[in-house]
Amino acid sequence: QVHLVESGGGLVQPGGSLRLSCAASGSIFAINQMGWYRQAPGKQRELVARIDNNGFRNYAASVRGRFTASRDNAKKTVYLQMDSLRSEDTAVYYCNLNQRQDGGPYDYWGQGTQVTVSS
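How each quantity is defined
Residues numbered from 1 in each chain as written. Predicted model: local features only at pLDDT ≥ 70, side-chain atom pairs only at ≥ 80, totals over all residues. Heavy atoms only, no water. Pairing = 2+ DSSP bridges. Helix = DSSP H or I, 4+ residues; strand = E, 2+ residues; numbered from the N terminus. Phe/Tyr/Trp six-rings, centres within 6.5 Å; stacked < 30°, edge-to-face > 60°. Lys NZ or Arg CZ within 6 Å of the ring centre and 35° of its normal. Buried < 20%, exposed > 50% of the residue type's maximum accessible area, 1.4 Å probe, protein only. Core = buried A, V, L, I, M, F, W, Y, C linked by side-chain atoms within 4.5 Å. Contact = heavy atoms within 4.5 Å. Polar contact = N/O pair within 3.5 Å; in protein donor to acceptor, adjacent residues only side chain to side chain. Axes fitted to C-alpha atoms, helices over the stretch in contact; angles between N-to-C directions.

Trainee: Teacher, can you tell me more about the pairing of strand β7 (residues 67-72) here?
Mentor: Both faces of the sheet carry side chains from a regular strand, because those side chains alternate between them. Pairing between β7 and strand β8 (residues 77-82): 6 bridges, direction antiparallel. Bridging from a neighbouring strand, A69 pairs with L80 of β8. Hairpin geometry of β7 and β8 is characterised by an intervening segment of 4 residues between the two adjacent antiparallel strands and by a positive phi of about 50 degrees at K76.

Quick look at the structure:
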């Protein structure tokens, strides 16, 4: 079992910044990728950013240039620096870890942290 603990969400004005953190613990073997997804009311969960085992980063087009994903392998923590926030960024943000386990990939999810962008 892998446990993911997220922090850093909150209320921010348009144009502001937030930094999300996600610390992983438990039965971690071989991580394929870690990243962030978000889900707004009435919408499907979507990829925001992720980092694979080789350090390759993938960003949603809507956040590219504004958000930056990073990781600390020693702490098994992934971060999401969010700048120039817009009201459209309002959502619950979920940390995701995908790892190789028992011959196949497994996904683990954090509980989610609310990000609200409003004046």
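There is more to say after this.
Trainee: Could you clarify how one ought to interpret the packing of aromatic side chains in this entry?
Mentor: Any aromatic ring pair is given by two values, namely how distant the centres are and how the planes are angled relative to each other. Applying the stated criterion across every chain, the model contains 1 aromatic pair. In this structure, R45 is placed above the aromatic ring of W109, and the distance from its NZ or CZ to the ring centre is 4.6 Å.

Trainee: Would you explain the pairing of strand β11 (residues 113-117) in this entry?
Mentor: Going residue by residue along β11, you find T113, V115 and V117 tucked away on one face and Q114 and T116 left uncovered on the opposite face. The sheet contact formed by strand β2 (residues 10-12) and β11 spans 3 bridges and is parallel. Residue G10 lies in a different strand from β11, and its bridge partner there is V115. The pairing of strand β9 (residues 91-101) with β11 spans 3 bridges and is classified as antiparallel. Residue pairing in the sheet places V92 in a bridge with Q114 of β11.

Trainee: Sorry if this is basic, but what is going on with the nonpolar core here?
Mentor: The nonpolar side chains of soluble globular proteins are, as a tendency, buried together. The biggest cluster of nonpolar side chains holds 30 residues, and the ones touching the most others in it are L4, W36, V48, F67, L80, M82 and Y93. In this structure, L4 is in contact with C22, A23, A24, C95, N96, L97, Y108, W109, G110 and Q111, ignoring residues within four places of it in sequence.

Trainee: Whenever I open this one, the environment of R38 confuses me. Can you help?
Mentor: Mapped onto the secondary structure, R38 falls in strand β4 (residues 30-39). C-alpha separation for the pair R38 and D89, spaced 51 residues apart in sequence, amounts to 8.7 Å. Discounting residues that sit within four places of it in the chain, R38 has contacts with Q44, R45, E46, V48, S62, V63, F67, E88, D89, A91, V92 and Y93. Only 3.4 Å separates the side chain of R38 from the side chain of S62, close enough to count as a polar contact. A distance of 3.0 Å separates the side chain of R38 from the side chain of D89, its partner in a polar contact.

Trainee: When you look at unusual backbone geometry in this model, what are you seeing that I'm missing?
Mentor: If a residue is not glycine, its phi is most likely negative; likewise, a peptide bond is most likely trans. Here K76, not a glycine, exhibits a phi torsion of approximately 50 degrees, which is positive. For K76, the position within the fold is in the loop between β7 and β8. Looking at K76, the relative accessible area reads 37%, which means it is partly exposed. Notably, S84 is not glycine yet its phi reads approximately 50 degrees, a positive angle. Here S84 lies in the loop between β8 and β9.

Trainee: Please explain the sheet that holds β8 as it appears in this structure.
Mentor: One key point about sheets: their strands pair by backbone hydrogen bonds, in either a parallel or an antiparallel sense. Taken in spatial order, the 4 strands line up as β1-β3-β8-β7 in an open sheet, and their pairing is antiparallel. Since the sheet does not close on itself, it has two edges, and those belong to β1 (2-7) and β7, each with one partner. Within this sheet the neighbouring strands show an average axis-to-axis angle of 15 degrees, counted without direction. Where β1 meets strand β3 (residues 18-26), 6 bridges bridge the pair, whose relative direction is antiparallel. From the neighbouring strand, V2 faces β3, where its bridge partner is G26.

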